[in-house]
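Close look at the chain arrangement
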Amino acid sequence: MDNKTATALRRLRLVSAPEAVSFLLLLVCSVLKRTTDFNAVPVMGMIHGVLFILYVIFWADAWNRTKWPLKTAALYFVLSVLPTGGFFAERKLKREAEDAVIASRARKEGIVNA
């Protein structure tokens, strides 16, 4: 894996958990808006919107660089629209990055020819 691909995956991973947190906070704010006089939906909506747009941009960049199959790319996109999906995406991306480092080291040491 080259440096630009690793960076694209790292950016996607770093934005996925905050995007999930902002989604959950937006849901809480929506409930509070309906049940109390507290209305933080405009602020949380903007924060979540920015993080979601960043996620989609980083997702598209990672998909372009990694050449994921459509199924994998679709999975990461679907995880972005689920309330806790960003946490699962972050964990899966971290595992994928660790596997890539292991494979890179194995190729460098001549253990495998992949």
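In this numbering scheme, every chain counts its residues from 1 along its sequence in written order. Totals for whole chains, interfaces and linings use every residue, but because this is a predicted model, local features are given only for residues with pLDDT of at least 70 and side-chain atom pairs only at 80 or more, for both listing and counting. With hydrogens and water stripped out, all remaining heavy atoms of the structure feed into the side-chain values.

**A look at the environment of Val 28**
Mapping Val 28 onto the fold places it in helix H1 (residues 3-35). The exposure class assigned to Val 28 is partly exposed, which follows from its relative accessible area of 45%. It is 35 Å that separates the C-alpha atoms of Val 28 and Thr 66, two residues lying 38 residues apart in sequence. Each helix is a run of H or I in the DSSP string that is no shorter than four residues. Each strand is a run of E no shorter than two, and both are numbered from the N terminus. Exposure categories follow from relative accessible area, calculated using a 1.4 Å probe and restricted to protein chains: below 20% of the type maximum is buried, above 50% is exposed, and the middle band is partly exposed.

**Examining the UniProt feature "transmembrane region" (unreviewed entry) in the protein**
UniProt positions are given in the numbering used here, feature names are shortened, and annotations may be inferred rather than shown by experiment. The UniProt entry lists residues 39-60 and 72-89 under the feature "transmembrane region" (unreviewed entry), expressed in the numbering used here. Overall, residues 39-60 shows 91% helix and 0% strand. The separation of its end C-alpha atoms is 33 Å. Taken end to end, residues 72-89 comprises 83% helix and 0% strand; its first and last C-alpha atoms sit 11 Å apart.

**Notes on the packing of H1 against helix H4 (residues 85-108)**
At a minimum axis separation of 7 Å, H1 and H4 run at an interaxial angle of 165°. The pairing of H1 with H4 is recorded here as roughly antiparallel in orientation. For the crossing formed where H1 meets H4, the hand is left-handed. For the pair formed by H1 and H4, the contact residues are Leu 9, Leu 12, Arg 13, Ser 16, Ala 17, Ala 20, Val 21 and Leu 24 on the first element and Gly 86, Phe 87, Ala 89, Glu 90, Leu 93, Lys 94 and Glu 96 on the second. Gly is placed with the polar residues, together with every amino acid not listed as nonpolar (Ala, Val, Leu, Ile, Met, Phe, Trp, Tyr, Cys and Pro) or charged (Asp, Glu, Lys and Arg). The class makeup of the residues in the contact of H1 with H4 is nine nonpolar, two polar and four charged. Fitted lines through C-alpha atoms serve as axes, helices being fitted only where they are in contact, and the angles separating the N-to-C directions of these axes extend from 0 to 180 degrees. For this classification, under 35 degrees means roughly parallel, over 145 means roughly antiparallel, 65 to 115 means roughly perpendicular, and everything else is oblique. Helix crossings get a hand from a simple test, with the near helix turned counterclockwise from the far one by less than a right angle marking a left-handed crossing and a clockwise turn marking a right-handed one. Contacts are assigned to residue pairs with any non-hydrogen atoms lying within 4.5 Å of each other.

**Overview of the confidence of the model for the protein**
The score called pLDDT rates the predictor's confidence residue by residue, from a low of 0 to a high of 100. Confidence in the prediction for the protein averages 90 pLDDT; 96% of positions are at 70 or higher. The weakest mean pLDDT in the protein belongs to H4 at 85; the strongest belongs to helix H2 (residues 41-66) at 95.

**Examining the nonpolar core**
Proteins that are soluble and globular tend to have nonpolar side chains buried together. By convention a nonpolar core is built from buried Ala, Val, Leu, Ile, Met, Phe, Trp, Tyr and Cys residues, the set being connected through side-chain atoms within 4.5 Å. Within the largest apolar cluster, 15 residues are counted, with the highest numbers of intra-cluster contacts made by Leu 12, Tyr 55, Trp 59, Ala 62, Trp 68, Tyr 76 and Leu 93. Secondary structure elements with two or more residues in this core: H1, H2, helix H3 (70-81) and H4. At five residues, the largest contribution of residues to this core is made by H2. If near-sequence neighbours (up to four positions away) are discounted, Leu 12 is found in contact with Tyr 55, Phe 58, Trp 59, Ala 62, Trp 68 and Leu 93. Grouped together as the second largest cluster of nonpolar side chains are five residues, Leu 26, Cys 29, Ala 40 and Met 44 included.

**Some remarks on H1**
Look at H1: 49 Å from first C-alpha to last across 33 residues, which is about the 48 Å you get at 1.5 Å a residue. Listing the buried residues of H1 in full gives Thr 5, Ala 8, Leu 9, Leu 12, Val 15, Ser 16, Glu 19, Ala 20, Ser 22, Phe 23, Leu 26 and Cys 29. Expected helix span is given by 1.5 Å per residue-to-residue step, counting one fewer step than there are residues.

**Some thoughts on the side chain of Ser 22**
If you trace the backbone, Ser 22 turns up in helix H1. A polar contact of 2.8 Å, which involves the side chain of Ser 22, links it to the backbone oxygen of Glu 19. A distance of 2.9 Å separates a polar atom in the side chain of Ser 22 from a polar atom in the side chain of His 48. Every residue in contact with Ser 22, bar those within four places of it in the chain, is listed here: Met 44, Ile 47, His 48 and Leu 51. Polar contact is the term for a pair of N or O atoms within 3.5 Å; when the atoms are in protein, one must be able to donate a hydrogen and the other to accept it, and sequence-neighboring residues count only if both atoms are side-chain atoms.

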